[in-house]
Amino acid sequence: MGERDDPGTIGRRVQRLRVERGLTQRQLAEPVYTPAYISTLESGRVRPSDDALRHLAGRLGVAFDELATGRSARLVTELRLRLTEAQRTLAVGETEAAAAQYAELLAEAETHGLTEERSAALLGLGECALETGELEPGREYFERAEACLAGAPLPARVPALRGRAVAHYLAGELRYAVYLLETALDELNRGGLHDPDALLLLYASAIGPYMDMGAHARAAQAAEFALALAPQSGDPALVARMHRSVARTLVAEGRLAEADASLAKAAELYRGLQIRTELANCHWMRGYVYAQDGQLERAEEELREALGMLTAKRAALYSSQVAVELADVLHKRGRSDEAAALLHDVLGHLSPERGAVHAAAAHRLLGIIAEDARRTEDAEEHYVRALSLLERAGAAGDLADLCRLLGDLLRRTGRVEAALDAYRTGLGHRTAPGTTTLGPAPAQPPL
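Just so it is clear, the model here is predicted, and its values are computed rather than measured.

### Some details on the overall build of the protein
- Helices and strands together make up the secondary structure of the protein, namely 23 helices and 0 strands.
- Counting only C-alpha atoms, the protein reaches 100 × 40 × 35 Å along its principal axes.
- Counting every position in the protein, which comprises 447 residues, the buried fraction comes to 51%.
- Of all intrachain contacts in the protein linking residues separated by at least 6 positions in sequence, the fraction that spans at least 24 positions is 60%.
- Separation of charge centres in the protein, based on 52 positive and 64 negative side chains, amounts to 3 Å.

### Quick look at the pattern of salt bridges
- Taken as a whole, this structure holds 32 salt bridges when the rule is applied.
- For Arg-144, the salt bridge identified is with Glu-110, shortest N-O distance 3.6 Å. One end of the pair, Arg-144, is in helix 9 (residues 135-148); the other, Glu-110, is in helix 7 (residues 95-112), with 34 residues separating them in the sequence.
- Accessibility expressed as a relative area gives 39% for Glu-110, which makes it partly exposed.
- Linking Asp-378 and Arg-375 is a salt bridge whose minimum nitrogen-to-oxygen distance equals 2.9 Å.
- Under the relative-accessibility criterion, Arg-375 is labelled partly exposed at 39%.
- Several salt bridges converge on common partners, so that one network encompasses Glu-300, Arg-304, Arg-333, Arg-335 and Glu-338.

### Some details on the environment of Glu-305
- By secondary structure assignment, the location of Glu-305 is in helix 17 (residues 296-312).
- With 22 residues separating them along the chain, Glu-305 and His-283 place their C-alpha atoms 6.7 Å apart.

### With respect to the confidence of the model for the protein
- Put simply, the protein has an average pLDDT of 85, and 94% of its residues get 70 or more.
- Looking over the protein, one finds the lowest element-wise mean pLDDT in helix 15 (residues 256-273), namely 77, and the highest in helix 9, namely 94.

Rules used throughout
- Residues numbered from 1 in each chain as written.
- Predicted model: local features only at pLDDT ≥ 70, side-chain atom pairs only at ≥ 80, totals over all residues.
- Heavy atoms only, no water.
- Helix = DSSP H or I, 4+ residues; strand = E, 2+ residues; numbered from the N terminus.
- Buried < 20%, exposed > 50% of the residue type's maximum accessible area, 1.4 Å probe, protein only.
- Contact = heavy atoms within 4.5 Å.
- Lys, Arg positive; Asp, Glu negative; His and termini not counted.
- Charge placed at Lys NZ, Arg CZ, Asp CG, Glu CD.
- Salt bridge = Lys/Arg side-chain N within 4 Å of Asp/Glu carboxyl O.
- pLDDT = per-residue confidence, 0-100.

Okay, structure coming up:
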């Protein structure tokens, strides 16, 4: 609830409530205290003890917290119920309505000085901003939520910290996102703060950046820890998100049947919870799994389902990312013109600061399509733009492959020295499996 009010404020509140109830100072004081004590208290010249406040609260018919802080227990309960309703609104895909609810709750929490409720409202606004692709405002909301809980234990701050890391990740700042997540994991594990929900949230969130950076061994280890922590978690939505993230590492290891099973578990949990965005993300990942397994028709069905769900709830950034995956499947099915049109539309919604990795993927695929059509100059332009985006994001896993494509194109057009430069650049980004330049992995949880 926070700190109690100053003696003067409490004194005036006691006097107001006493007068409203028609009590004299003697009636309020008896049988434990004297009228003189009540007079001194009401004038703000004494700081009442907790025992004194409990006595007065009982005589005045109010809760201890209301007397000490001016906030009724009913107000706090009602705010928390409305926060739950806003979370529900966001979960079913009504992002704009949820943002309006959270903004109203934030204003009320600030008016009444409710720190925890203010942080929860800011966290909700941050999640709404991620849904709509407004990464900078989202990051600011998460930073403010974290600042609200500056004095709280780290596990309480993890959701805001994770939100900030995801905002940086979606903006293409992979290395910094991993730094934030790993630093928190290290502090939790080394400090003995083994909160299963906090650890599960961090490990599941680290898998995506690890995969994009080419750090597959770290991604697999994070997935292993997440799976081990899942039975200890009391949050089914968090467990479902973990299953979706773990599927990425299973795909990378060629374990497609296990990946599909993990996604099926996640989808089942999300359907039960009616969390529409995460359910859409499960369709997205299943489409990716089917594409990797060569089941292109099923992949297209899943990706179109995901795209439809995300577009309906105006999740612009996530919609663009799914569209890139769908375009790749369309290209593989021989519908390159349709794929190219989709990609050009997607690039209008992405930028180096907003979805850099997927913008690079769009340019890479447009380069391949252009090369197939013998439009060499267009292909080279797309490859170079993709290379610039990936270098900025530090996505080492994709950089090596892109340098190979560019090198092959340059070699076929007779520019051997330029091709060699491209290959050398690719080799420079081809780190050993599971390694990054981020330093040692964080301390491990005691599983």
